[in-house]
Structures are given as C-alpha cells and as structure tokens.
Amino acid sequence: MSQPNTDQPSATSDAKDDVQKNIVWHTQTVSREDRESKLGQRGVVVWFTGLSGCGKSTIANELDRLLIQRGATCTLLDGDNVRHGLCAPPAVLKSEHGEEFADRFGLGFGPTDREENIRRIGAVTELFASAGVITLAAFVSPYQRDRDRVRKTIESSGRAGDFLEVFVDTPLDVCKQRDPKGLYQKAMAGEIKNFTGISDPYDVPPSPEIHLKWQADQTPHDQASQIIAEMERRGVLQSTEG
Ligand SMILES: Nc1ncnc2c1ncn2[C@@H]1O[C@H](COP(=O)(O)OS(=O)(=O)O)[C@@H](OP(=O)(O)O)[C@H]1O
Ligand SMILES: Nc1ncnc2c1ncn2[C@@H]1O[C@H](COP(=O)(O)OP(=O)(O)O)[C@@H](O)[C@H]1O
C-alpha cells in the first residue's frame, strides 16, 4: 500500500485514509479449523494456469467430479464463467449500471485488468478455502506476480501448502489446433487484441506444485487423477485407502 504524502495531504487522500481507519477486522466465533473439521478436509486452492485451450476447464471439471465422487466438498471457479459476473466486461455492466461505472469496474484483458481479475478471484478463493471448501480455479492467469500474490493471500490466511499451482503445459500449436472457441483464429486475424500466446505474454511458472506436461495419449481423467495423487502425497487430501 502506498504511503500518504504528509507534505501536502489532499482532500482525496485524507478521505481514503479515513475510510481505511474506520474498517476494523472482526474475529469470527467459528474458526476455520471448526469448519474444516466439520467437513473432514482441508480448505485448499488448486489453481490451474495455462494458455487458452490448454485444457484447464476440462481437467478442472474432471477433478471436481472425482472429488465430489469421493465425498469431498469442493467448488470450481472458471474464467469464462466468472467473466460473466464478478469480473464482467464493461459492455455487460453498461446497460444496468451506466457508462462511468462500467468503465471503472468492468474488466478486459489489458495487464491491469487481468491483475484486478486475478486479485478479485484470489479473494474469492480465499473466502471459500477459509470455509473449508476445496476450491478449484481455472484461469489463464498469465502473470507470475499475480499468481504469487494469490498464493500469499491463501497461505497467509491458512497454512503453507494450501495453494497448489497446476501448470497445464500444452504447446501453443496444440492449443491453436484445438481452438475450441475459434479465438485463436480471430486473434491471428487481429480481431482480438492482447490474446495470450499470440499478442500477449504468458509467464511460464518456474516451480508449480503440479506440472501437467502434454502427452498426446493422456486423457483429462488421467491428468485429474495425477492431481489427486499429488494432493494425497502432499497430505492436503485424505487418501481413500486404509
Ligand atoms: N485476449 C484474451 N486473452 C486470453 N483469453 C481471452 C482473451 N479474450 C477472450 N478470452 C477468453 O477469456 C478467457 C480467459 O479469461 P481469464 O479470466 O481466465 O483470463 S486472465 O486470467 O485474466 O488472463 C479464455 O478462456 P479459456 O479459453 O478457458 O482460457 C478465453 O476464452
Ligand atoms: N488431455 C486433455 N486434457 C484437456 N483437454 C483436452 C485433452 N485432450 C483434448 N482436450 C480438448 O481440448 C479442449 C480444451 O479446452 P478447455 O478445457 O476449454 O481449455 P481451457 O479451459 O484451458 O481454455 C477441449 O475441447 C478438450 O476436449
């Protein structure tokens, strides 16, 4: 957070400081541990990152299904869906809230908008994880700095190891070939700007907890099972055996 300018305080910065001073953290009666113990699980965040079309949604959906099947309480936040509500673009907000509001709070794909997108989603995953829910999040999240900030948020409200970064490492050429929504076609034709992998950068995670390297013969079920095995190995998910 930036320090206030004490030499020439402006009315605006004073007002902002006052707002902050008047917001006080309230400790809750029911603890995170109480909630986790009731659910019989640890509230962790499994964060999928990778290019559009790499398989984040497909694998996350399969993982969600497998976790539910074994009795876990989990939820799935997915980029395309969240960008219809919590992180809607200006055009969606405009009719209901007006142009000024839409310009201020609507999100696109520029670097600052992606940063705010991931910040909002990170805050939501923290709320779910604090409630003891296994939270799956599937977002391009191309910037390492933004992903690291979410990790810090999750681990500082819970424990080290509560954030698992899953890098869905599918080559750009395979993603382009799949092109399930026709977006690469449009991006290559210059019809979509700032498209990750084409006209926008992607920071390869240097040390993800789980690295899903593309192999032609691997199914989404194989990859989701690999994640479950790694969660068990790390002790963040109870094994069903024994
Ligand atoms: N410019 C650009 N770059 C990347 N992706 C784009 C873009 N424009 C639209 N889309 C579609 O929006 C989905 C990505 O949204 P995210 O919220 O995951 O993006 S980000 O994390 O803020 O980078 C992404 O979803 P997935 O294909 O599921 O990854 C695309 O369908
Ligand atoms: N092993 C695999 N894992 C994930 N997706 C796969 C796999 N093989 C093929 N696909 C296909 O690739 C596409 C991936 O799209 P999607 O899951 O929406 O990716 P993302 O969410 O990363 O944009 C889907 O059409 C899916 O059926």
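- As named in an unreviewed UniProt entry, the protein chain is Adenylyl-sulfate kinase, taken from Rhodopirellula islandica.
- We quote the UniProt Function (unreviewed entry) comment for the protein chain here in full: "Catalyzes the synthesis of activated sulfate."
- Comment text from UniProt for the protein chain, heading Sequence similarities (unreviewed entry), reads "Belongs to the APS kinase family."

## Thoughts on the UniProt feature "binding site: ATP" (unreviewed entry) in the protein chain
Here comes step 1: As annotated by UniProt and renumbered to match this structure, "binding site: ATP" (unreviewed entry) occupies Gly50, Leu51, Ser52, Gly53, Cys54, Gly55, Lys56 and Ser57.
Here comes step 2: Considering the arrangement of structural elements, one finds Cys54 in the loop between strand S1 (45-49) and helix H3 (56-69).

## Notes on the site of ligand 2
Here comes step 1: Surveying the vicinity of ligand 2 reveals 15 residues, the closest of which are Gly53, Lys56, Ser57, Thr58 and Gln218.
Here comes step 2: Note that an oxygen atom of ligand 2 is positioned 2.7 Å from one of the side-chain N or O atoms of Ser57.
Here comes step 3: In the environment of ligand 2, an oxygen atom lies 3.3 Å from a nitrogen or oxygen atom belonging to the side chain of Arg178.
Here comes step 4: In the complex, the protein chains occlude 74% of the 560 Å² of accessible area that ligand 2 would expose alone.
Here comes step 5: Listing elements by their share of the shell around ligand 2, those giving two or more residues are H3 and helix H11 (220-233).
Here comes step 6: Broken down by element, the shell around ligand 2 gets its largest block of residues, four residues, from H3.
Here comes step 7: Among the residues forming the shell around ligand 2, the class breakdown is five nonpolar, eight polar and two charged.

## What about the environment of Gly85?
Here comes step 1: By the secondary structure assignment, Gly85 is in the loop between helix H4 (79-82) and helix H5 (90-97).
Here comes step 2: It is 24 Å that separates the C-alpha atoms of Gly85 and Asp148, two residues lying 63 residues apart in sequence.

## Some details on the packing of helix H7 (residues 111-130) against helix H8 (residues 144-157)
Here comes step 1: The N-to-C vectors of H7 and H8 enclose an angle of 20°; their axes lie 9 Å apart at closest approach. With respect to each other, H7 and H8 are oriented roughly parallel. Both H7 and H8 take part in a crossing whose hand is right-handed. Where H7 abuts H8, its residues Arg114, Glu115, Ile118, Gly122, Thr125, Glu126 and Ser130 lie against Arg145, Asp146, Arg149, Val150, Thr153, Ile154 and Ser157.
Here comes step 2: When the residues that make up the contact of H7 with H8 are grouped by side-chain class, the tally is three nonpolar, five polar and six charged.

## Regarding the packing of aromatic side chains
The description of an aromatic ring pair uses the distance of the two centres, along with the angle that the planes make with each other.
Here comes step 1: If you walk through the whole model with that rule in mind, you get five aromatic pairs.
Here comes step 2: Judged by centre distance (4.7 Å) and plane angle (55°), the rings of Phe101 and Phe105 are tilted. A residue pair is termed a helical-turn pair when its members lie 3 or 4 positions apart in one helix, as Phe101 and Phe105 do in helix H6 (residues 99-105) at four residues.
Here comes step 3: Phe105 gets classed as partly exposed once you look at its relative accessible area, which sits at 32%.
Here comes step 4: Joined through ring pairs, the aromatic side chains of Trp47, Phe139 and Phe163 make up one cluster.

## Structural notes on the UniProt feature "active site" (unreviewed entry) in the protein chain
Here comes step 1: Per the UniProt record, the feature "active site" (unreviewed entry) sits at Ser141.
Here comes step 2: Here Ser141 lies in the loop between strand S3 (134-138) and H8.
Here comes step 3: Leave out the neighbours within four places in its chain, and Ser141 touches Trp47, Phe48, Thr49, Ile118, Arg147 and Tyr202.

## Notes on the sheet that holds strand S4 (residues 163-169)
Strand pairing in a sheet takes place through backbone hydrogen bonds and is either antiparallel or parallel in direction.
Here comes step 1: The parallel open sheet is built from five strands, whose spatial order is S2-S3-S1-S4-S5. Of all strands in the sheet, those with a lone pairing partner are strand S2 (74-78) and strand S5 (210-213), marking the two edges. Each strand of the sheet is rotated relative to its neighbour by a mean of 15°, with strand direction disregarded.
Here comes step 2: The pairing of S1 with S4 spans five bridges and is classified as parallel. In the strand pairing of S4, Val46 is matched with Leu164.
Here comes step 3: Along the sheet, H8 contacts S1 and S4; its crossing angle with S4, the most-contacted strand, is approximately 150°.

About the thresholds
Residues numbered from 1 in each chain as written. Chains lettered and ligands numbered in written order. Predicted model: local features only at pLDDT ≥ 70, side-chain atom pairs only at ≥ 80, totals over all residues. Heavy atoms only, no water. UniProt positions renumbered as here; feature names shortened; annotations may be inferred. Helix = DSSP H or I, 4+ residues; strand = E, 2+ residues; numbered from the N terminus. Near = heavy atom within 4 Å. Polar contact = N/O pair within 3.5 Å; in protein donor to acceptor, adjacent residues only side chain to side chain. Areas by Shrake-Rupley, 256 points an atom, 1.4 Å probe, with all protein chains shown as cover. Nonpolar A, V, L, I, M, F, W, Y, C, P; charged D, E, K, R; others polar. Axes fitted to C-alpha atoms, helices over the stretch in contact; angles between N-to-C directions. Parallel < 35°, antiparallel > 145°, perpendicular 65-115°, else oblique. Left-handed = near helix turned anticlockwise from the far one by under 90°. Contact = heavy atoms within 4.5 Å. Phe/Tyr/Trp six-rings, centres within 6.5 Å; stacked < 30°, edge-to-face > 60°. Buried < 20%, exposed > 50% of the residue type's maximum accessible area, 1.4 Å probe, protein only. Pairing = 2+ DSSP bridges.

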